[in-house]
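Chains, contacts and geometry: an overview
Chain by chain, the residues run as shown.
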Amino acid sequence: MKHVLSYDRILSEIYQEIQPFSKVGQQATYIPALAEIDPDQFGMCLHTVEGEIYTCRQADTRFSIQSISKVFSLAVCLSLFGNRVWERVGVEPSGSSFNSMVLLEAEKGIPRNPLINSGAIVLADMLLAHSEDAEQKFLDFLRCLSGSDAVCYRADVAEGERRTGYMNAAIANMLKYYGNLEGDIEQVLRFYCRMCSIEMNCRELAQAFLAFTNSRPFDYGGIRLTVSQVKRINAIMQTCGFYDEAGEFSFLVGLPGKSGVGGGIAAVCPQRYSVAVWSPRLNAKGNSVMGMKALELLTTKTEESIF
Ligand code: GLN
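The present account deals with the structure reproduced in this document. (Residues numbered from 1 in each chain as written. Predicted model: local features only at pLDDT ≥ 70, side-chain atom pairs only at ≥ 80, totals over all residues. Heavy atoms only, no water.)

**Digging into the site of the ligand**
Taken together, Tyr30, Gln66, Ser67, Phe98, Asn117, Glu161, Asn168, Tyr192, Cys196, Tyr243, Gly260 and Val261 make up the full set of residues near the ligand. At 2.6 Å from a nitrogen atom of the ligand is found a side-chain nitrogen or oxygen belonging to Glu161. In the environment of the ligand, a nitrogen atom lies 2.7 Å from a nitrogen or oxygen atom belonging to the side chain of Tyr243. Relative to its unbound accessible area of 300 Å², the ligand is 96% covered by the protein chains. Here the ligand is seated within the largest pocket. (Near = heavy atom within 4 Å. Polar contact = N/O pair within 3.5 Å; in protein donor to acceptor, adjacent residues only side chain to side chain. Areas by Shrake-Rupley, 256 points an atom, 1.4 Å probe, with all protein chains shown as cover. 1 Å grid on protein atoms, 1.4 Å probe; cavity = no way out; pocket = protein on both sides within 12 Å on 5 of 7 lines; lining within 4 Å. Sits in = over half its atoms within 2 Å of the grid points.)

Okay, here's the thing in C-alpha cells:
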C-alpha cells in the first residue's frame, strides 16, 4: 500500500514540476504525420513488477514509437540468432547522432550498436532473411509483449519515412557495399520504416518493457530470452539508447532506456518497474525534453535507479 500512495503522488508532482519546460523544443517535422501532432501533450505510465499501474495525463494516447522499436527488434534477433547477432553489429556507444554514417565507413560496415539506425537496419535484414512474414511476426510479438491487439503499423508514417529517408538509404547502401546486408535494399528499408512507424501508448509501452525488468521469464509468443540476454539488452540501452546523449541520460536518470523521435522514452528499473513517458517536443539530440526531465525527477524522488 505504501508504494500505491507514493508513486501516485510522485507522478503528479513530476507533472507539476516539468511545466516550466512545456514549450521547450520542437516535435519532429521531417514527415507530415509527425509534424501535424499537437506538441503540447504529455503522458506517463509506470508499471511495477508486482503489477501495479500508475498513469499520468495522456497515458492512453498512441504515438509513433520510432527508434524504441529497435529494442524490440534486438530482442527478436537475439532470440532467433543468439550470439551470431554480434558478428554483424557491435556493442559500443557511437557518440554520434542516430543516423550518422561516419563510423560506419571507418569500421567497414559493422554498425557500432543495434540501437542506432545502421545497427537496426542490419537487424531488419536478419529478420527478413529469417522469415517470409517477418512484418506480421514482429507485430504479433509486440502485441503479445504489450498485451494489446491494438498495437499496429501506421502506413502514412512508414511511407513518409521511406520517402524522406535519404540517410537511411545511404546507410543501407554502405552496408551492402561492405557485405553486411543480405537482402534487397528496398525491402529492408521498407521493413525498417514499418518498424519505426509502430504506434503504442505509454500504458502499452510500459507493459512491453516490463519484460526487460528481468523479474519474470522472457517468453512471449515463442520469443524467448535468457536472464543473461535480457541483462545484455539493458546494458546496451544504458550505453547506447540515447545516441550522443547516452551519457547525459545515464547521468541524469540512471536507468537503461530508449528514446524515439516521436517523443517517447521507455526505461526499466531492473526488478522494480518499467516506465514509459511521451511528450513530442525534442531537444537538439532528438530526445523528448519533458520526457527526460520527468524521468530525472522520477529517479531522484524515488531514489530508485541502477546506481
Ligand atoms: N525513423 C527515424 C529514422 O530512421 C527514427 C529515428 C529515431 O527515432 N531516433 O531516422
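**Here's the deal with the sheet that holds strand β8 (residues 264–269)**
Reading across the sheet, the five strands line up as β2-β1-β9-β8-β7 and stay open at both edges, with antiparallel pairing between neighbours. Each end of this open sheet is capped by a strand with a single partner; those strands are β2 (53–57) and β7 (257–259). This sheet shows a mean twist of 5 degrees between the axes of neighbouring strands, independent of strand direction. Of the pairings in the sheet, the one linking β7 to β8 comprises three bridges and is antiparallel in character. Directly across from Ser259, in β8, lies its bridge partner Ile265. (Pairing = 2+ DSSP bridges. Helix = DSSP H or I, 4+ residues; strand = E, 2+ residues; numbered from the N terminus. Axes fitted to C-alpha atoms, helices over the stretch in contact; angles between N-to-C directions.)

**Things to note about the pattern of salt bridges**
All chains considered together, the criterion is met by 21 salt bridges. Among the salt bridges present, the one from Glu296 reaches Lys293, with a minimum N-O distance of 3.2 Å. In this pair, Glu296 and Lys293 both sit in helix α13 (residues 289–302), three residues apart, roughly one turn of the helix. We classify Lys293 as partly exposed; its relative accessible area is 24%. (Salt bridge = Lys/Arg side-chain N within 4 Å of Asp/Glu carboxyl O. Buried < 20%, exposed > 50% of the residue type's maximum accessible area, 1.4 Å probe, protein only.)

**Some remarks on the nonpolar core**
With 69 residues, the main nonpolar core has Phe72, Phe141, Leu205, Phe209, Phe212 and Phe218 as its most contacted residues. In terms of nonpolar packing, the next biggest core, distinct from the first, is built from 28 residues, Ile14, Phe249, Ala267 and Met290 among them. (Core = buried A, V, L, I, M, F, W, Y, C linked by side-chain atoms within 4.5 Å.)

**As for helix α5 (residues 117–130)**
Under the 1.5 Å per step criterion, the end-to-end length of α5 is 20 Å for 14 residues, consistent within 8% with the ideal 20 Å. Burial in α5 covers these residues: Asn117, Ser118, Gly119, Ala120, Ile121, Val122, Leu123, Ala124, Asp125, Met126 and Leu127. (Expected span 1.5 Å × (residues − 1).)

**Some remarks on the packing of aromatic side chains**
In total, this model carries 14 aromatic pairs according to the counting rule given. A centroid spacing of 5.3 Å and a plane angle of 55 degrees characterise the contact between Phe209 and Phe212, whose relative ring orientation is tilted. Of the two residues examined, Phe209 and Phe212, each falls in the buried class. Taken together through their ring pairs, the aromatic side chains of Phe72, Phe141, Phe209, Phe212, Phe218 and Tyr220 make up a single cluster. (Phe/Tyr/Trp six-rings, centres within 6.5 Å; stacked < 30°, edge-to-face > 60°.)

**Brief notes about the side chain of Ser69**
Tracing the chain through its elements places Ser69 in helix α3 (residues 69–81). The exposure class assigned to Ser69 is buried, which follows from its relative accessible area of 3%. Apart from the residues lying within four places of it in its own chain, the contact partners of Ser69 are Phe138, Met195 and Cys196. (Contact = heavy atoms within 4.5 Å.)

**Some points on the pairing of strand β9 (residues 273–278)**
Most of β9 is tucked away, with six of its six residues classed as buried. By the alternation rule, side chains of β9 split into Tyr273, Val275 and Val277 and Ser274, Ala276 and Trp278, which are all buried. Examined bridge by bridge, strand β1 (residues 43–48) and β9 share six bridges and lie antiparallel to one another. Across the sheet, Thr48 pairs through a bridge with Tyr273, a residue of β9. The pairing of β8 with β9 spans six bridges and is antiparallel. Bridge pairing links Gly264 to Trp278 in β9. Hairpin geometry of β8 and β9 is characterised by an intervening segment of three residues between the two adjacent antiparallel strands and by a positive phi of about 65 degrees at Gln271.

**Some details on the environment of Ala75**
With respect to the helices and strands, Ala75 occurs in helix α3. Here Ala75 falls in the buried class, since its relative accessible area comes to 0%. The sequence separation of Ala75 and Val230 amounts to 155 residues, and the corresponding C-alpha distance is 8.0 Å. If we ignore the near neighbours within four places in the chain, the residues touching Ala75 are Phe141, Phe212, Phe218, Ile223, Leu225 and Ile233.

**Some remarks on empty space enclosed by the protein**
Evaluation of the coordinates by the stated rule reveals three cavities of 30 Å³ or more. Roughly 70 Å³ of internal volume is contained in the largest cavity. Contributing to the lining of the largest cavity are 13 residues, with Ser100, Leu103, Leu104, Ile116 and Ser118 lying nearest its centre. Of the residues contributing to the lining of the largest cavity, the split by class is six nonpolar, five polar and two charged. Here the second largest cavity is characterised by a volume of approximately 60 Å³. (Points joined across faces, edges and corners; volume = space filled by probe spheres on them. Nonpolar A, V, L, I, M, F, W, Y, C, P; charged D, E, K, R; others polar.)

**Points about the side chain of Gln41**
When you line up the elements, Gln41 lands in the loop between α2 (32–35) and β1. The exposure class of Gln41 is buried, given its relative accessible area of 12%. A polar contact of 2.9 Å, which involves the side chain of Gln41, links it to the backbone oxygen of Asp38. Of the polar contacts made by the side chain of Gln41, one reaches the side chain of Gln58; its length is 3.4 Å. Not counting the four nearest positions on each side in its chain, Gln41 is found in contact with Gln58, Thr61, Trp278, Ser279 and Pro280.

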